[in-house]
Amino acid sequence: QVQLVESGGGLVQAGGTLRLSCAASGSGFSINAMGWYRQAPGKQRELVAGITSGGSTNYADSVKGRFTISRDKNAVYLQMNSLKSEDTAVYYCNARIRYPWDMNRDYWGQGTQVTVSS
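Residues numbered from 1 in each chain as written. Predicted model: local features only at pLDDT ≥ 70, side-chain atom pairs only at ≥ 80, totals over all residues. Heavy atoms only, no water.

Novice: How should I be thinking about the overall build of the protein in this particular structure?
Specialist: Scanning the protein from N- to C-terminus turns up zero helices and eleven strands. Reading the protein from its N end, one meets helices and strands in the order β-β-β-β-β-β-β-β-β-β-β. For 118 residues, the compact-globule estimate of 2.2 N^0.38 gives 13 Å, and the C-alpha radius of gyration of the protein, at 14 Å, lies within 12% of that figure. Of all 118 residues assigned to the protein, the portion counted as buried reaches 39%. (Helix = DSSP H or I, 4+ residues; strand = E, 2+ residues; numbered from the N terminus. Rg over C-alpha atoms; globule rule 2.2 N^0.38 Å. Buried < 20%, exposed > 50% of the residue type's maximum accessible area, 1.4 Å probe, protein only.)

Given below as structure tokens:
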């Protein structure tokens, strides 16, 4: 049983900064990777940033140099700098949980709205 709780969204002006947080709660689970996805109206959900249990990271091209993903045990964070109106979306925390044998399941946070005004 795993539950993800995220926070940190809000309204910010272009060029501003937000920091999203997500914590995975429960016991007896092992996380392969955590990440942040976003979905804007009329668009498909996309990966923004991900981080593996070993610390390897990857970013969408649109956010490279502006966003930074980090983790601390079962928590993951997304530091968002130099925000643009194009970043406006609902952001979802994701955790990929490893199960025996060689099985994985994705868990999702409730979503948090990020709105960037021009």
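Novice: What is the right way to read the nonpolar core from this model?
Specialist: Side chains that are nonpolar tend, in soluble globular proteins, to be buried together. With 31 residues, the main nonpolar core has Trp36, Leu78, Met80 and Tyr91 as its most contacted residues. Only β1 (2–7), β3 (18–26), β4 (30–39), β5 (46–52), β7 (67–72), β8 (75–80), β9 (89–99) and β11 (112–117) provide two or more residues apiece to this core. In terms of residue count, the dominant contributor to this core is β9 (five residues). Setting aside residues no more than four positions away along its own chain, methionine 80 makes contact with Gly16, Thr17, Leu18, Leu20, Arg66, Phe67, Tyr91 and Val114. (Core = buried A, V, L, I, M, F, W, Y, C linked by side-chain atoms within 4.5 Å. Contact = heavy atoms within 4.5 Å.)

Novice: What is the right way to look at the pattern of salt bridges in this model?
Specialist: Enumeration according to the criterion identifies five salt bridges in this entry. The closest approach of N and O atoms between aspartate 87 and arginine 38, which form a salt bridge, is 3.0 Å. Of the two residues, aspartate 87 is situated in the loop between β8 and β9 and arginine 38 in strand β4; the sequence distance between them amounts to 49 residues. Of the residues examined, arginine 38 reaches a relative accessible area of 6% and is grouped as buried. Across the pair arginine 96 and aspartate 106 runs a salt bridge, and its minimum N-O distance is 2.9 Å. Residue arginine 96 is found in strand β9, and its partner aspartate 106 is found in strand β10 (residues 103–108); the two are separated by ten residues along the sequence. Looking at arginine 96, the relative accessible area reads 39%, which means it is partly exposed. Salt bridges linked by common partners bring Arg38, Glu46, Arg66 and Asp87 together as one network. (Salt bridge = Lys/Arg side-chain N within 4 Å of Asp/Glu carboxyl O.)

Novice: What exactly am I supposed to notice about the environment of aspartate 72 here?
Specialist: The topology assignment puts aspartate 72 in strand β7. Assessed through its relative accessible area of 47%, aspartate 72 is described here as partly exposed. As for aspartate 72 and alanine 49, which are separated by 23 residues in sequence, their C-alpha atoms are 15 Å apart.

Novice: In this structure, what is going on with the packing of aromatic side chains? I would like to understand it.
Specialist: As enumerated under the stated definition, the model contains one aromatic pair in all. Ring geometry for tyrosine 37 and tryptophan 108: centres 5.0 Å apart, planes at 65°, overall edge-to-face. With tyrosine 37 in strand β4 and tryptophan 108 in strand β10, the pair connects residues that are 71 residues apart, well separated along the chain. The ring of tyrosine 92 has arginine 45 sitting right over it, with the charged end atom 3.9 Å from the ring centre. (Phe/Tyr/Trp six-rings, centres within 6.5 Å; stacked < 30°, edge-to-face > 60°. Lys NZ or Arg CZ within 6 Å of the ring centre and 35° of its normal.)

Novice: Just checking my understanding: could you explain the sheet that holds β1 for this structure?
Specialist: Pairing is antiparallel across the open sheet formed by four strands, whose spatial order is β1-β3-β8-β7. Only two strands of the sheet have a single partner each, and these edge strands are β1 and β7. Going across the sheet, the axis of each strand differs from the next one's by a mean of 15°, ignoring polarity. Across six bridges, β3 lies against β8 in antiparallel orientation. Of the residues in β8, the one forming a bridge with cysteine 22 is valine 76. (Pairing = 2+ DSSP bridges. Axes fitted to C-alpha atoms, helices over the stretch in contact; angles between N-to-C directions.)

Interpretation in functional terms is not warranted from these geometric data alone.
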